[in-house]
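Here are the chains, one letter per residue:
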Amino acid sequence: MKSLITMESVRAWRKKITGKVVFVPTMGALHHGHEALIRDARRLAGLKGSVVVSIFLNPIQFGPREDVASYPKPLKNDITVCRRAGADAVFLPTVADMYGPDRSVFVDEESLSSVLCGRSRPGHFRGVCTVVAKLFNIVQPTHAIFGEKDWQQLAIIRRMVRDLNFPVEIVTAPTVRESDGLAASSRNAYLTAEERALAPLIHAAMQSAVEKLKDPVAIVRAVARAVEKIPGARLDYAETVDSVTLLPLKNRKSAGRLAVAVFLGKTRLIDNIGLPPHK
Ligand code: PAF
């Protein structure tokens, strides 16, 4: 597996390869959810294609009150995970190479970014779109894999690819869960033992509401009530939205998503599950 640091080294590597180039963008702190994404990428690329993973803790997608400095950076383990899952190359750009001091061009998605996490994390998706657009331009993948865990991010990246004509096929991978239902996330490491024990109740509440109820508003109310009962939990939002437009889901005629963000102590956890259309 090749480690690529500079833009020039990526370009030189990219020039030499043909066939599928499947890209997995990450911020590091790789867990088994990421590992599954890289394995999916390997399957998609096949023997003739290539898999490249980027590890870049993107400062511009963190808000002023979100501490980028305290984000875990277990680089050695990250490299091991990439190698084990079958990556051909890892791209590890520096912040200085990615962002010049006089940078002045950003990618701003103006519709889907204004709802759900966009309300509580202003500027976050601008940072995500900007870095993903830059990474697409540098790596020039044929395919890029994003996990369904970050459903809003996925919807926004799809919109960006469509509206800016990136020649990249976006591939999705289902959320990887721990055995108790908690969605795998780098943020789970921030939970105390007590919080970690309570965290699966969020997904359980979502599952139970979706199994029992049909009406999108009733589902949201049931989740909000259940989250209120979890000690130390504070609901940021629970919403039922259209899978593509992220607009509030009025009925169950089209495919929807139940999306939830909950503060458990200081840690903000997000999760989402599908609401298949009801006949
Ligand atoms: O999902 C993430 O880890 C990040 O938002 C991404 C897509 C790697 C951009 O920094």
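See above for the structure.
Residues numbered from 1 in each chain as written. Predicted model: local features only at pLDDT ≥ 70, side-chain atom pairs only at ≥ 80, totals over all residues. Heavy atoms only, no water.

Draft legend 1. Just the packing of aromatic side chains, in detail. Under the defined criterion, the tally for this structure stands at four aromatic pairs. Between Phe-56 and Tyr-99, the aromatic rings sit 6.1 Å apart at their centres with planes inclined by 45°, giving tilted as the arrangement. Within this pair, whereas Phe-56 is found in the loop between strand S3 (50-55) and helix H3 (75-85), its partner Tyr-99 is found in the loop between helix H4 (95-98) and helix H5 (117-120), the two being separated by 43 residues in sequence. There is no split in this pair, since Phe-56 and Tyr-99 are both buried. Joined through ring pairs, the aromatic side chains of Phe-23, Phe-136 and Phe-166 make up one cluster. The ring of Phe-106 carries the charged tip of Arg-126 above its face, separated from the ring centre by 4.1 Å. Cation over ring: Arg-257 sits above Trp-151, and NZ or CZ is 3.8 Å from the ring centre. (Phe/Tyr/Trp six-rings, centres within 6.5 Å; stacked < 30°, edge-to-face > 60°. Helix = DSSP H or I, 4+ residues; strand = E, 2+ residues; numbered from the N terminus. Buried < 20%, exposed > 50% of the residue type's maximum accessible area, 1.4 Å probe, protein only. Lys NZ or Arg CZ within 6 Å of the ring centre and 35° of its normal.)

Draft legend 2. Highlighting the sheet that holds S3. With parallel pairing, six strands are arranged side by side in an open sheet as S1-S4-S3-S2-S5-S6. With partners counted over all chains shown, the strands left at the sheet margins are strand S1 (2-4) and strand S6 (169-173), one partner each. Taken over all neighbouring pairs, the strand axes of this sheet differ in orientation by 25° on average, direction set aside. Strand direction decides the pairing type here: strand S2 (residues 21-26) and strand S5 (residues 143-147), joined by two bridges, are parallel. For Val-22, the partnering residue across the bridge sits in S5 and is His-143. (Pairing = 2+ DSSP bridges. Axes fitted to C-alpha atoms, helices over the stretch in contact; angles between N-to-C directions.)

Draft legend 3. Representation of the pairing of S5 within the structure. Most of S5 sits inside the fold, with four of its five residues counted as buried. Bridge count between S5 and S6: five bridges; the pairing is parallel. Looking at the pairing, Gly-147 lines up with Ala-173 of S6.

Draft legend 4. A look at the pattern of salt bridges. One pass over the structure, following the stated rule, counts twelve salt bridges. Between Glu-239 and Arg-119 there is a salt bridge, with the nearest N and O atoms lying 3.1 Å from each other. With Glu-239 in strand S7 (residues 233-242) and Arg-119 in helix H5, the pair connects residues that are 120 residues apart, well separated along the chain. The class for Arg-119 is exposed, based on a relative accessible area of 53%. (Salt bridge = Lys/Arg side-chain N within 4 Å of Asp/Glu carboxyl O.)

Draft legend 5. How the structure looks around the site of the ligand. The environment of the ligand is formed by Pro-25, Thr-26, Met-27, Asn-58, Gln-61, Val-128, Val-131, Phe-146 and Gln-153. Gln-61 places a polar side-chain atom, nitrogen or oxygen, 2.6 Å from an oxygen atom of the ligand. Relative to its free-state accessible area of 290 Å², the ligand is covered by the protein chains to the extent of 88%. Counting only elements with at least two residues in the shell around the ligand, the list comes to S2 and helix H6 (124-139). Considering only residue class, the shell around the ligand consists of five nonpolar, four polar and no charged. (Near = heavy atom within 4 Å. Polar contact = N/O pair within 3.5 Å; in protein donor to acceptor, adjacent residues only side chain to side chain. Areas by Shrake-Rupley, 256 points an atom, 1.4 Å probe, with all protein chains shown as cover. Nonpolar A, V, L, I, M, F, W, Y, C, P; charged D, E, K, R; others polar.)

Draft legend 6. Summary view of unusual backbone geometry. Positive phi is not limited to glycine here, since Leu-116 has a value of about 45°. Judged by its relative accessible area of 4%, Leu-116 is buried. Of note in the backbone geometry, Leu-246 takes a positive phi value of approximately 60° without being a glycine. Of note, Leu-246 is situated in the loop between S7 and strand S8 (256-264).

Draft legend 7. Just the packing of helix H2 (residues 32-45) against H3, in detail. For the pair H2 and H3, interaxial distance at closest approach is 9 Å and the crossing angle is 35°. Where H2 crosses over H3, the two elements pack in a sense that is right-handed. In this structure, H2 contributes Glu-35, Ile-38, Arg-39 and Arg-42 to the contact, and H3 contributes Val-81, Cys-82, Arg-84 and Ala-85. (Left-handed = near helix turned anticlockwise from the far one by under 90°. Contact = heavy atoms within 4.5 Å.)

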